[in-house]
Structure formats: C-alpha cells, structure tokens
Amino acid sequence: MQMDDASERLQDFLQWCDRVGLVLSKKVCLSTEGTVADYGMLAKEDIEEGEVLFTIPRSALLHQETTKVSALLKKEKSSLESSSGWVPLLLALLYESTSPESHWRPYLSLWPGFKALDHPMFWSKEERDKLLKGTGVPEAVATDLSNIQREYTDIVLPFIKRHPELWNPNTHTLELYTQLVAFVMAYSFQEPQEEDDDEDDEEQRAPNPPMMVPMADMLNHVSKHNANLEFSPDSLKMVSVRCLHKDEEVFNTYGQMANWQLLHMYGFTEPYPENSNDTADIPVACLYQAAAQDVQSEPERQLFDERFKVLSQMMEENAAFVFSDQGCLTDSELHSALKLLCMSQEEFSEFRDNEGWEDDDEDDDDKISQAFSNEGLPDLKSPWKRLIHEAARLTLRSYGDAELESDRKLMEDGADLKGRSSRRWRALQVRFGQKVILHRLLELTAS
C-alpha cells in the first residue's frame, strides 16, 4: 500500500538522520498522518516557546559544495552562471537523485521520482488558463517554463554532454530537470545574507544560493507559524516561536506569501480566510485603461501619453499595485502614479521643468501609508478614488467572472473539491481571496 511505502521511506530517512548526526527532540515526531500534507511534524507533548525541535549539522545539507560532484561544479562555475543562480544545485540534484550510492538517497527517496509535485507548471495550459485566469499564476508559470527550457538547453545539456561519466541526457532529461526545479522551489532554503558595511561589494550583496535542508523541509507552512529556522556556523536549528500543545502540528514559515505565490512556488494554498498575507494585484495596464477613459480630445491624448510615458519610466515592466485586506502595500508607487496621471497641463510642465516634483507635505511616507490604508481610501481626492475604483473593476473583469457569489457558493458547497490534492479547490482559494480584496476596494472607493 502507498501509506506503508511512505512509512517505510520515512523510517529509512530517520535512520539516516541518526547516522549523519541530525538530532531530533523527543517532543516531536514526523508523521504521514494528522498533518496537512503527505509529511509533517507533530508535537508529542507540550512544547515551550524557544525550545529546539531539531538540529541539523551543516554536513547533512545538500548543495553545490557538499555534493559528490562539488569539485567539478566549482571548476566549471563560470559556465554554469544563469539568471536563476540555481544551475549548480540542480546539477547536483540531477546526479544525487539518480545515483544508487548517493549519500542523500534516503532523504531524496521521500519524493519518489518527484512525481507527486503538483505545481501549476505541471497542469495543462488549458487547466491553468481556465482555473487561474486573472490571478497572475498562468503568466508566472509561462515565464518559468520558458526560462527552464532555455536554461536546460543552453547551459545544462551542453554541460552534461561534456561529462558523460556523471550525467546522461537520456536519464537527466528536461522533464526531470523541470521536476527538480519545482522541488527546489518548494523545499529549498536560502541562508539570510550577512549584513556588510561595504555596500560597494556586489559579491557580498548577492543572495546566497539555495540549498536542501533535510528535516526542515518536512515542516509545512502557515502564515501564523509556530517555529522558525535559525542559522549558526556549525548547524541549523528549528526553534519554537510560541508554545505548542500535544498533537499540534509544527509549522514553519516560507515568508509572507499570498495564496497565488504559495500555489505558484509550492503547489498548495492556505484555506480562506486563514492566510493573513493574501494579496491582489492591480496591473499598471488597468490603471492606464482607467485613466485613458477620460481622454476626450487630441491635445488631451497627447498630454496623457506624455504623462504615461513618464510613469512607465518610473515603474518596472508588467508592474502592479499590490493590495492586502488592510489597504495598498505599494502605496508610494500608487501615490506617485495617481499624482502624475491627475496633473493638469501646467503642473505637468512644471514637473518636467523641475525633472520631478518638489518635496511636499503630502509626500510624507507615514501620511501616504495612512491615505492608502482601508481607513484612508474613502477620503482620497475624488479623481484618485475614481481611478482606483475603475482600475479595480477592470482587474476583476480579467477573471472572466467578476462576481463573488458564484465562487462563494463553491466555497460553501464545494465539499467534493476540498483537499490539498484538488486543483480546482486550490485555484478557488486563490481566486476567491483576490476577488474579496478587490470587491472590498470597490466599496472603499465608491463615489
């Protein structure tokens, strides 16, 4: 039976942990039952805040410097550079996951063939576009798949062909590489960068590469977590950040992640309304469409185009304004955009002559933050409120069905959809959470 296989793999992993010096507190245990995912950690008895749940020696970590092929990866480091920075780790995983003698085999065997990963990148394009339309996930996945294929074709495949004694294109395929990318997305950790006073040292500021951390990656995530991973020179420790009761699941945090990010990067969502970090994006393109509706004449069109050209230079391509259930999280950017788009001809001429606007009392960060909070939004200038309102309405149209009620009914009646294994249920959590935030924004900015 599958459950028996999972339990057997778990026992093999725990025996490996003993051999490598990974110390697990007697107050916790790994389990395949009573957790929110296939694996998880449970408290066997009450745990106080600040207790060490397990300690992982750095020698047990799997990354480009601990793998058996580390010397080769270091030697050819320059040929493995990529925009992701993940290629050395992925090559290590390609080797270790297919080597019968791998030191990490009992650990990697917890995910047989990495077939159970169910990120949206493994859904069909039709399924993504249907279930996740408007959420931003299909676009993010399309970018991922394009980058993965390019990285494999241009960097990884030529490298493994140069080293047939270690890798085989027939075994280490694009399909396996994509599965390992998802594995790294969902289970890897990045050590926080040490603070350095020398801001000109770009190498110091570069983020640390990802690494696999056995045991730590068995913990599941919730926004209101109860444990946190701490880094020290010799080891990594999982420490409780609040008291836990017996039989309570131990949860780590993957950061402040909205549901669309959790689904995209990790393949799961938190059930609505439990994710306190959930957000909805309003693309700059929707603000552009909202503002363009006011253009009546050719001179107005020319002025509008000039203003939006300046705005485009101020913001990144495909940028968006991010809203939570508390208000706008990108308030400074939204403030600048609205201020620019609502300028008169005279104000815009002065703005260009001065190469920007002069400091204004209204530009105080605290005041801006308050103005774009849920409490402040109803009191914004009418033209600003109208633009936000219309941009939110246009964003809702991108979902196909902008209304909440159909999704709300599914949330209330969709018992058959529930479970982390259901794609429709996970997509619904993303879609519904975003639409709730946008509908609330419509209420707050209504005339």
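From a predicted model like this one, the values you see are computed outputs, not experimental measurements.

Things to note about the overall build of the chain
- Along the backbone of the chain there are 17 helices and 13 strands.
- The C-alpha radius of gyration computed for the chain amounts to 25 Å, which stays within 12% of the reference 22 Å derived for 447 residues, consistent with globular compactness.
- Dimensions along the principal axes, computed over C-alpha positions, put the chain at roughly 75 × 50 × 45 Å.
- A buried classification covers 49% of the 447 residues belonging to the chain.

Side note on the pairing of strand 11 (residues 280-283)
- Burial along strand 11 is one-sided: Ala280 and Ile282 are buried, and none of Asp281 and Pro283, which face the opposite way, are.
- Strand direction decides the pairing type here: strand 11 and strand 12 (residues 320-324), joined by four bridges, are antiparallel. By the bridge assignment for strand 12, Asp281 is matched with Val322.

Considerations on the domain arrangement of the chain
- Looking at the chain, the domain boundaries give domain 1 (5-60 + 219-250), domain 2 (69-192) and domain 3 (279-445).
- When each unit is reduced to the centre of its C-alpha atoms, the spacing between domain 1 and domain 3 is 41 Å.

As for the sheet that holds strand 1 (residues 23-24)
- Taken together, the four strands give an open sheet; going across it, the order is 1-4-9-8, and neighbouring strands pair in antiparallel fashion. Only two strands of the sheet have a single neighbouring strand rather than two, namely strand 1 and strand 8 (227-231).
- In terms of strand pairing, strand 8 meets strand 9 (residues 235-240) through five bridges, oriented antiparallel. In the strand pairing of strand 9, Glu230 is matched with Lys237.

What to know about helix 6 (residues 137-162)
- Compared with the 38 Å implied by 1.5 Å per residue over 26 residues, the 36 Å span of helix 6 between its first and last C-alpha is a close match.
- Where helix 6 bends most, at Tyr152, the angle is about 40°.

Considerations on the environment of Asp144
- Note that Asp144 resides in helix 6.
- Here the alpha-carbon distance between Asp144 and Asn259, two residues 115 residues apart in the chain, equals 18 Å.
- Once residues within four sequence positions are removed from consideration, Asp144 is found in contact with Met185 and His264.

Focus on the sheet that holds strand 11
- Ordered in space as 11-12-13, the three strands form an open sheet in which the pairing is antiparallel. Every other strand in the sheet has two partners, leaving strand 11 and strand 13 (327-328) as the edge strands with one partner each.
- Bridging between strand 12 and strand 13 involves two bridges; their strand directions are antiparallel. Counted as the bridge partner of Phe323 is Cys328 from strand 13.

Rules of the game
- Position labels on residues start from 1 in each chain and follow its written sequence.
- At least 70 in pLDDT is required for a residue's local features to be given in this predicted model, at least 80 for side-chain atom pairs to be given and counted, and no such filter applies to totals for whole chains, interfaces and linings, which use all residues.
- Hydrogen atoms and water are omitted, and side-chain values are computed over all heavy atoms in the structure.
- In DSSP terms, a helix is any run of H or I states spanning at least four residues, a strand is any run of E spanning at least two, and both are numbered starting from the N terminus.
- We compute the radius of gyration from the C-alpha atoms alone; for a globule the expected value is 2.2 Å times N to the 0.38, where N is the number of residues.
- Exposure classes here rest on a 1.4 Å probe applied to the protein chains alone. A residue is buried below 20% of its type maximum, exposed above 50%, and partly exposed in between.
- A pair of strands counts as paired when DSSP detects no fewer than two bridges linking them.
- Domain extents, as shown, originate in an automatic or database domain assignment.
- Given the number of residues in a helix, its expected span is that number minus one, multiplied by 1.5 Å.
- The angle between axes fitted to the seven-residue stretch ending at a residue and the seven-residue stretch beginning at it gives the bend at that residue.
- We call two residues in contact whenever any of their non-hydrogen atoms come within 4.5 Å of each other.

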